[in-house]
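Take a look at the letters that make up each chain.
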Amino acid sequence: SQPLRAHATARNFLIGTAVATGPLSNEQAYRDTLNREFNTVTAENAMKWDATEPNQGQFNFSGADQIMASAQANGQTVHGHTLVWHNQTPGWVQNLDANAMRTAIRNHINTVVGRYAGRIASWDVVNEVFDDNGGMRNSFWYQRLGESYIADAFRYARAADPNAKLCINDYNVEGINNKSTAMYNLVSRLRGQGVPIDCVGIQGHLSIQYGFPNDLRQNMERFAALGVDVKITELDVRMRMPADSNKLATQATYYRNVIDACLAVPRCNQLTVWGFTDKYSWVPDTFQGEGAALPYTENYAAKPAYQSLHDALAR
Ligand code: G3I
């Protein structure tokens, strides 16, 4: 049968994965599956601030360029991840005073977005700015600059690449809850102020133990009604290990429900999984005893979750 990307491209849809530079360099089996199945990619780590500007004004694009070259050679668009985040940002940034921090954001965005202008379809401009209660996350950005850094970051990104779609991205915003409502209110307010924000990224780090967010589609529809695109940006569905056929079947229903919801909303134009093989996933490193969150096994065998994505796209 045909790969995911053939069915996705036929319906003008982006089916993507996060890409890690290690196996991209070293492993043919990884490259084969990546390039056969996906028509868009996101750098898992290589475009984050600690990778691209480890010291002030000293940029390093080795990993980012590697991913750009691979994507171009394989006809894949690129989703940029991420410009302003509280994780994987070097200490030198965190220690700046307000004016210097604002300048650092502007220079970082100018340089990174400018380098890839015209070649990156969309950017996660700000990532994870809320706490789970729906307040603003009390990050070093917020402590030093208040909420203003968010609008500033979008404006700097638009100036650096007028053609890139600019997204706000977060987790635990799949269903309708305090956090997704805070995101909705912020996007509404920013757009009312003319801030250039084009898309909302719903990460989609799910667990079969927590139940499925059944109002996902309804949530995406309310964002779409604001006039922004919606993307599932980091889908994975973890489970307690060891995996068994029951858990994998439940996982497959989660994948199916997510892609069905996205395909039902015209503004939902992209679904990206956060890695594709269980061989390389952030989950076991973060949640002890959990894993098997992705559509392929460690040996690159398609799991029921893969079939879910395939069936929905082929329908
Ligand atoms: O590169 C260093 C290496 O030099 C060092 O020896 C090694 C020792 O721990 O660490 C390596 O860095 C790791 C990096 O991944 C690259 O592999 C970091 O420790 C590790 O913390 C980092 O984890 C990443 C995580 O973000 C960090 O915040 C995951 O790969 C990545 O999947 C994850 O992705 C995030 C999204 O960006 C935002 N949304 C949530 C998602 C999952 O946490």
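Going by the structure above, here's the rest.
Residues numbered from 1 in each chain as written. Predicted model: local features only at pLDDT ≥ 70, side-chain atom pairs only at ≥ 80, totals over all residues. Heavy atoms only, no water.

Section: the packing of aromatic side chains
On inspection of all chains with the given rule, the structure shows 15 aromatic pairs. Where Tyr30 meets Tyr280, the ring centres are 5.6 Å apart and the plane angle is 80°; that geometry is what we call edge-to-face. Of the two residues, Tyr30 sits in helix α3 (residues 28-37) while Tyr280 sits in the loop between β9 (268-273) and α13 (283-286), which places them 250 residues apart along the sequence. Residue class for Tyr280 comes out partly exposed when judged on its relative accessible area of 27%. When the centroid spacing of 4.6 Å and the interplanar angle of 45° are considered together, the rings of Phe140 and Trp141 count as tilted. (Phe/Tyr/Trp six-rings, centres within 6.5 Å; stacked < 30°, edge-to-face > 60°. Helix = DSSP H or I, 4+ residues; strand = E, 2+ residues; numbered from the N terminus. Buried < 20%, exposed > 50% of the residue type's maximum accessible area, 1.4 Å probe, protein only.)

Things to note about the site of the ligand
Neighbouring residues of the ligand: 13 residues in total, closest Glu44, Lys48, His81, Glu234 and Trp274. Here a nitrogen atom of the ligand and a side-chain polar atom of Glu128 are 2.9 Å apart. Per-class residue counts for the shell around the ligand are three nonpolar, six polar and four charged. (Near = heavy atom within 4 Å. Polar contact = N/O pair within 3.5 Å; in protein donor to acceptor, adjacent residues only side chain to side chain. Nonpolar A, V, L, I, M, F, W, Y, C, P; charged D, E, K, R; others polar.)

Quick notes on the side chain of Thr233
In this structure, Thr233 sits in strand β8 (residues 229-240). Here Thr233 falls in the buried class, since its relative accessible area comes to 2%. There is a polar contact of 2.7 Å between the side chain of Thr233 and the side chain of Asn169. In contact with Thr233, other than residues within four places in its own chain, are His79, Asp124, Asn169, Gly201, Ile202, Gln203, Thr272 and Trp274. (Contact = heavy atoms within 4.5 Å.)

Some remarks on the pairing of strand β3 (residues 77-84)
Taking burial as the measure, the eight residues of β3 include seven buried ones, the bulk of the element. Where strand β2 (residues 40-43) and β3 come together, three bridges link them in parallel fashion. Looking at the pairing, Val41 lines up with Val78 of β3. Note that β3 and strand β4 (residues 122-127) share four bridges and pair parallel. Bridging from a neighbouring strand, His81 pairs with Asp124 of β4. (Pairing = 2+ DSSP bridges.)

Here we look at the packing of helix α10 (residues 178-192) against helix α11 (residues 216-224)
Here α10 crosses α11 at 15°, and the two axes come no closer than 10 Å. Taken as axis vectors, α10 and α11 run roughly parallel relative to one another. Note on packing geometry: the crossing formed by α10 with α11 is right-handed. Listed contacts from α11 to Ser180, Thr181, Met183 and Tyr184 of α10 are Asn219, Arg222 and Phe223. (Axes fitted to C-alpha atoms, helices over the stretch in contact; angles between N-to-C directions. Parallel < 35°, antiparallel > 145°, perpendicular 65-115°, else oblique. Left-handed = near helix turned anticlockwise from the far one by under 90°.)

Observations regarding the side chain of His86
Locating His86 in the fold gives a position in the loop between β3 and α6 (91-94). What makes His86 buried here is its relative accessible area of 18%. Side-chain polar atoms of His86 contact the side chain of Arg137, separated by 3.4 Å.

Notes on the state of the cysteines
Put plainly, a disulfide is one covalent bond tying together the sulfur atoms of two cysteines. Using the criterion set out here, one finds two disulfides in the structure. Across the disulfide from Cys167 sits Cys199; the S-S distance is 2.1 Å. Negative torsions about the S-S bond denote left-handed disulfides, and the value of about -90° found for Cys167 with Cys199 makes this one left-handed. With Cys167 in strand β5 (residues 165-170) and Cys199 in strand β6 (residues 199-202), this pair connects stretches of sequence that are 32 residues apart. You can call Cys167 buried: its relative accessible area is 0%. When its relative accessible area of 0% is taken as the criterion, Cys199 is described as buried. Each sulfur in the disulfide pair Cys262 and Cys268 lies 2.0 Å from the other. Its S-S torsion of approximately -90° makes the covalent link between Cys262 and Cys268 left-handed. On the basis of relative accessible area, Cys262 is assigned to the buried category, the value being 0%. (Disulfide = S-S within 2.5 Å.)

Notes on the environment of Asn107
By the element assignment, Asn107 lies in helix α7 (residues 98-115). A sequence separation of 49 residues divides Asn107 from Tyr156, and the C-alpha atoms of the two residues are 8.8 Å apart. The residues touching Asn107, leaving out its near neighbours within four places in the chain, are Glu53 and Phe59.

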